[in-house]
There are 2 protein chains.
Amino acid sequence: MSHKKTKISDFGEKKLITRIIKKTRQLQSDYFSNDLHIMNSLGDDAALIDFGSNYLVASSDMLMETSHFPKQMKAREIGWKIVTVNISDLAAMGAYPTGFLVSMGLPKEMDIDFFDEMVDGILEACKYYNLPLIGGDTNESPQLVLDGTALGKVDKKKVLMKSEAEKGDLLAVTGPLGLAAAGFEFLLSENYPEIKSKKSKNSENLKKTLRLVTKHAFKPKARLNEGILATQFDQIKGATDITDGLVSELEEIINASKNSDMNSQSSIGIKIYENKIPVPPEVIEIADLFNKNPLDMALYYGEDFELLFVIKKDGIDKIKEHLNLHVLGEVTNTGFMEIVKRKGITEILPSGGYQHFID
Amino acid sequence: MSHKKTKISDFGEKKLITRIIKKTRQLQSDYFSNDLHIMNSLGDDAALIDFGSNYLVASSDMLMETSHFPKQMKAREIGWKIVTVNISDLAAMGAYPTGFLVSMGLPKEMDIDFFDEMVDGILEACKYYNLPLIGGDTNESPQLVLDGTALGKVDKKKVLMKSEAEKGDLLAVTGPLGLAAAGFEFLLSENYPEIKSKKSKNSENLKKTLRLVTKHAFKPKARLNEGILATQFDQIKGATDITDGLVSELEEIINASKNSDMNSQSSIGIKIYENKIPVPPEVIEIADLFNKNPLDMALYYGEDFELLFVIKKDGIDKIKEHLNLHVLGEVTNTGFMEIVKRKGITEILPSGGYQHFID
């Protein structure tokens, strides 16, 4: 009788990470028990380390050629992106950036011009985010791998965690949703050349749309300033970035509130409103073209470098004077996620989002 | 006429890194110009960030299956090693460890037991070095890739740089050289099964040797405590780890002194003594077995997780009471590297050491 071995693909990314966190908490409880923020930062966008009145904030994100760099992506955009994905995690904690490290796995046969442009893209992004490149490593690799580590700092009293949501709080995002998804839908489509030629024939509008969504896919901008600004408002209680998809992050907010309050009998829930979700016309245009659901692009696909804030209800008007926000729902006490559809019917919001290792 | 494109393999790792550092200094001079240590940390073992009276110390090192993990290496040893290579860079700056992040590129078909053991190896090493695992990332990858980032802190006045060497200073290492090289020579050898069987037949001594060198290759220990202790002695002026090979690092010390003193007309040089290089009998035994030069193993191969210190001559006796050191040479003003052979003849010490991207 043969015993079938269990593979990591039987788990999926989130379960693997939970597995690491559980082991880590068991073995290292003495490091984390005295500071709830530090304990909860295992599983948040970025890790926290005690540095006097500040937290040092640290986040690592890896990008691989096969998973993250479509063939149309330019070297400079690849460089830009490894900085942006990492800075977005700092932004989600409300941190000021202080330094960036990048480790590169590089194919031997890589063109030196490609390498130079990639480094230029990294430095361009570092300049944009006011972030010094301070170190890294280079290695031979069969495919291009980039791993970034962004370091920052934030006042201990002002750090933005995922775990602060309570019933009645509002949920808001910093910008439109689904644009990056539309970009990747177009770029990764088998009909790409066909649509390119359609584009070149006449439709000035489609051309503009494709330019916009491609830019959101290949050269996204992290909401660093919005994250830092958010720490100035006591009414903004928590934040996370939504690059793995909005719904995936809503679920994380529910889970984080469970972890941070072990004694709680009931769990928070979340309700969002279809007619409040900021889906721009360009997303609808692309969704139509590819026969997709624009709402799925906005809710599940991810890659939008927006922040999701948890905000005390009574603070929202004042905050909106300073931050461009789209309120799209609220925290409930149901323990699950709901969506109120356009016709007023409330449905269960299915969980989901991008995960590695899932077939 | 075809134009041959230049590949990164035409450069080699050191030139690539120099290329990045040069671009970074040009574009980001305003970040670095006001603190000589921070400026010089580009190119040192780890990067420095200003955190009040301390420096935050950060280092990233990436390991790839194809380059770094021979097939005999166990999952737990792989986990141990990604922590150790990073901690060694902190040790070389004299820093206390404060946190570790690890990004993993994992093949989908990886066995969950392998994954668990690798994570156990990471946590075992974190415990050994008193270093909390605080974050990371997981990704799908055709081959196993691990990228670690070690964070630490060190008193600004006590940081150990590569760039402080002056004529008359002594050079000393914290332990024997060549053991890891001997381990890899054995493990990567085509005669591996033959020697394994020879070993199992009789020689009790060879068995012991193979155990020792294999351990140095697969489960090395970074000299963290020695690095921290070294900061307590003003006479220890600088340090670096020698995992890329002793000679390679001697060269780095010469180069670092050039960078830190632009006005200097002359450059420092280095002289080491063959009879002072700590080559243990086990290295000679393995070198004989494979018909290699034991001195090359000690000087060029690398993978020994020892520290190289630059020490003021008059302090050495006091320091030796507290730190186990092997003084193997001194800083000169010749501008080049020399070795005094056993017979008293002085020769030029050829440069070299492990580099990626070199055929």
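Residues numbered from 1 in each chain as written. Chains lettered and ligands numbered in written order. Predicted model: local features only at pLDDT ≥ 70, side-chain atom pairs only at ≥ 80, totals over all residues. Heavy atoms only, no water.

Visitor: Give me the lowdown on the interface of chain A and chain B, citing residues and values where you can.
Guide: Listed by partner, the interface residues are 73 residues for chain A and 73 residues for chain B. Of the roughly 6,500 Å² buried where chain A meets chain B, counting both sides, 62% is carbon and sulfur surface. At the boundary of chain A and chain B, one finds six salt bridges. Put simply, Lys5 of chain A and Asp111 of chain B hold a salt bridge, and the shortest N to O gap is 3.8 Å. Viewed at the interface, chain B and chain A are joined by 21 residue pairs in polar contact (both at pLDDT 80 or more). Residues belonging to the side of chain A that touches chain B are distributed by class as follows: 35 nonpolar, 21 polar and 17 charged. (Contact = heavy atoms within 4.5 Å. Buried area = accessible area lost by both parts, 1.4 Å probe. Salt bridge = Lys/Arg side-chain N within 4 Å of Asp/Glu carboxyl O. Polar contact = N/O pair within 3.5 Å; in protein donor to acceptor, adjacent residues only side chain to side chain. Nonpolar A, V, L, I, M, F, W, Y, C, P; charged D, E, K, R; others polar.)

Visitor: Which residues make up the sheet that holds strand S12 (residues 346-348) of chain A, and what are the values?
Guide: All names here are of chain A. Within the open sheet, the seven strands sit side by side as S7-S9-S6-S10-S8-S11-S12. Their pairing is mixed. Only two strands of the sheet have a single neighbouring strand rather than two, namely strand S7 (236-241) and S12. Neighbour to neighbour, the strand axes of the sheet diverge by 25 degrees on average, direction disregarded. Here four bridges tie strand S8 (residues 269-273) to strand S10 (residues 326-332), and the two strands are oriented antiparallel to one another. Across the sheet, the residue bridging to Ile272 is Gly329, located in S10. (Pairing = 2+ DSSP bridges. Helix = DSSP H or I, 4+ residues; strand = E, 2+ residues; numbered from the N terminus. Axes fitted to C-alpha atoms, helices over the stretch in contact; angles between N-to-C directions.)

Visitor: Tell me about the packing of aromatic side chains, and please be specific about residues and values.
Guide: What the rule picks out here adds up to eleven aromatic pairs over all chains. Aromatic pair Phe51 of chain A and Phe51 of chain B: ring centres 4.6 Å apart, planes at 50 degrees, arrangement tilted. With Phe51 of chain A in strand S1 (residues 47-51) and Phe51 of chain B in strand S1 (residues 47-51), the pair connects residues from two separate chains. When its relative accessible area of 11% is taken as the criterion, Phe51 of chain A is described as buried. Between Trp80 of chain B and Tyr128 of chain B the ring centres are 5.3 Å apart and the planes differ by 45 degrees, which places this aromatic pair in the tilted class. Taken together, the residues Trp80 of chain B in helix H5 (residues 75-91) and Tyr128 of chain B in helix H6 (residues 112-128) connect sequence positions 48 residues apart. When its relative accessible area of 2% is taken as the criterion, Trp80 of chain B is described as buried. Assessed through its relative accessible area of 45%, Tyr128 of chain B is described here as partly exposed. Three or more aromatic residues joined by ring pairs form one cluster here, namely Trp80, Tyr128 and Tyr129 of chain A. Over the ring of Trp80 of chain A we find Lys219 of chain A; its NZ or CZ atom is 4.5 Å from the centre of that ring. (Phe/Tyr/Trp six-rings, centres within 6.5 Å; stacked < 30°, edge-to-face > 60°. Buried < 20%, exposed > 50% of the residue type's maximum accessible area, 1.4 Å probe, protein only. Lys NZ or Arg CZ within 6 Å of the ring centre and 35° of its normal.)

Visitor: Residue-level account of the side chain of Ser267 of chain B, with values.
Guide: One can find Ser267 of chain B in the loop between helix H11 (246-260) and strand S8 (269-273). Judged by relative accessible area, which is 19%, Ser267 of chain B ranks as buried.

Visitor: Describe helix H1 (residues 13-27) of chain A, listing the residues and the values that go with them.
Guide: Residue and element names in this part refer to chain A. The end-to-end C-alpha distance of H1 is 21 Å, a good match for the 21 Å that 15 residues give at a rise of 1.5 Å each. For H1, every residue scored as buried is listed here: Glu13, Leu16, Ile20, Ile21, Lys23 and Thr24. One side of H1 holds all its buried residues, which, seen down the axis, span an arc of 165 degrees. Exposed residues lying more than 90 degrees from the buried face of H1 are Lys15, Lys22 and Gln26. (Expected span 1.5 Å × (residues − 1). Arc of directions from axis to C-beta.)

Visitor: Please give an account of the environment of Ser9 of chain A that cites residues and values.
Guide: Relative to the elements of secondary structure, Ser9 of chain A occurs in the segment before H1. At 3.3 Å, the side chain of Ser9 of chain A forms a polar contact with the backbone oxygen of Lys108 of chain B.

Visitor: Give a detailed account of the domain arrangement of chain A, specifying residues and quantitative values.
Guide: When the parts of a complex come together, some accessible area is lost, and that lost area is often taken as the interface size. All names here are of chain A. Taken domain by domain, chain A comprises domain 1 (8-155) and domain 2 (162-348). Between the C-alpha centres of domain 1 and domain 2 the distance comes to 22 Å. Every contact between the two is made by 27 residues of domain 1 and, on the other side, 29 residues of domain 2. Taken together, both faces of the contact between domain 1 and domain 2 bury some 2,400 Å²; the carbon and sulfur share is 57%. (Domains from an automatic or database assignment.)

Visitor: Explain the sheet that holds strand S4 (residues 133-140) of chain B residue by residue, including any values.
Guide: Residues and elements named next belong to chain B. The sheet built from five strands is open, its strands ordered S1-S2-S5-S3-S4 with mixed pairing. Of all the strands in the sheet, just S1 and S4 have a single pairing partner and so form its edges. Adjacent strand axes in the sheet meet at a mean angle of 20 degrees, parallel and antiparallel pairs treated alike. Bridge count for S1 against strand S2 (residues 54-64) is five bridges, and the pairing is antiparallel.

Visitor: Explain the side chain of Lys81 of chain A to me, and be specific about the residues and the numbers.
Guide: Its place among the elements puts Lys81 of chain A in helix H5 (residues 75-91). Once residues within four sequence positions are removed from consideration, Lys81 of chain A is found in contact with Leu63, Met73, Phe184, Ala217, Pro220, Glu303 and Phe305 of chain A.

Visitor: Give a detailed account of the pairing of strand S5 (residues 145-155) of chain B, specifying residues and quantitative values.
Guide: Residue and element names in this part refer to chain B. Counting buried positions along S5 gives nine out of eleven residues, so the element sits mostly inside the fold. Sheet topology note: the S2/S5 ladder contains eleven bridges and is antiparallel. Among the inter-strand pairings, Leu56 is bridged to a residue of S5, identified as Lys153. Summarising the sheet, strand S3 (residues 96-106) and S5 pair through nine bridges and their orientation is antiparallel. Within S5, the position partnered with Ser103 by the bridge is Asp147.

Visitor: Outline the pattern of salt bridges, listing residues and values.
Guide: Tallied over the entire structure, the rule returns 38 salt bridges over all chains. Glu274 of chain A is paired through a salt bridge with Arg342 of chain A; the nearest N and O atoms lie 3.6 Å apart. Within this pair, whereas Glu274 of chain A is found in the loop between S8 and helix H12 (281-290), its partner Arg342 of chain A is found in the loop between strand S11 (337-340) and S12, the two being separated by 68 residues in sequence. Among the residues examined, Glu274 of chain A registers a relative accessible area of 14% and is labelled buried. The salt bridge partner of Asp50 of chain B is Lys156 of chain B, with a shortest N-O separation of 2.8 Å. Of this pair, Asp50 of chain B sits in strand S1 while Lys156 of chain B sits in the loop between S5 and strand S6 (170-173), and the two are 106 residues apart along the sequence. In this structure Lys156 of chain B comes out as partly exposed when scored by relative accessible area, which is 22%. A single network of salt bridges, built from pairs that share partners, joins Lys23 of chain A together with Arg76, Asp120, Glu124 and Lys219 of chain B.

Visitor: Kindly report on helix H13 (residues 294-301) of chain B, identifying the contributing residues and their values.
Guide: All names here are of chain B. For H13, the buried fraction is high: six of the eight residues fall into the buried class. Among the residues of H13, Pro294, Leu295, Met297, Ala298, Leu299 and Tyr300 are the ones counted as buried. You can read the cap of H13 off the contacts: a side-chain oxygen lies 2.9 Å from the backbone nitrogen of Leu295, and it is on Asn293. Residue Gly302 follows H13 closely and has a positive phi angle near 85 degrees.

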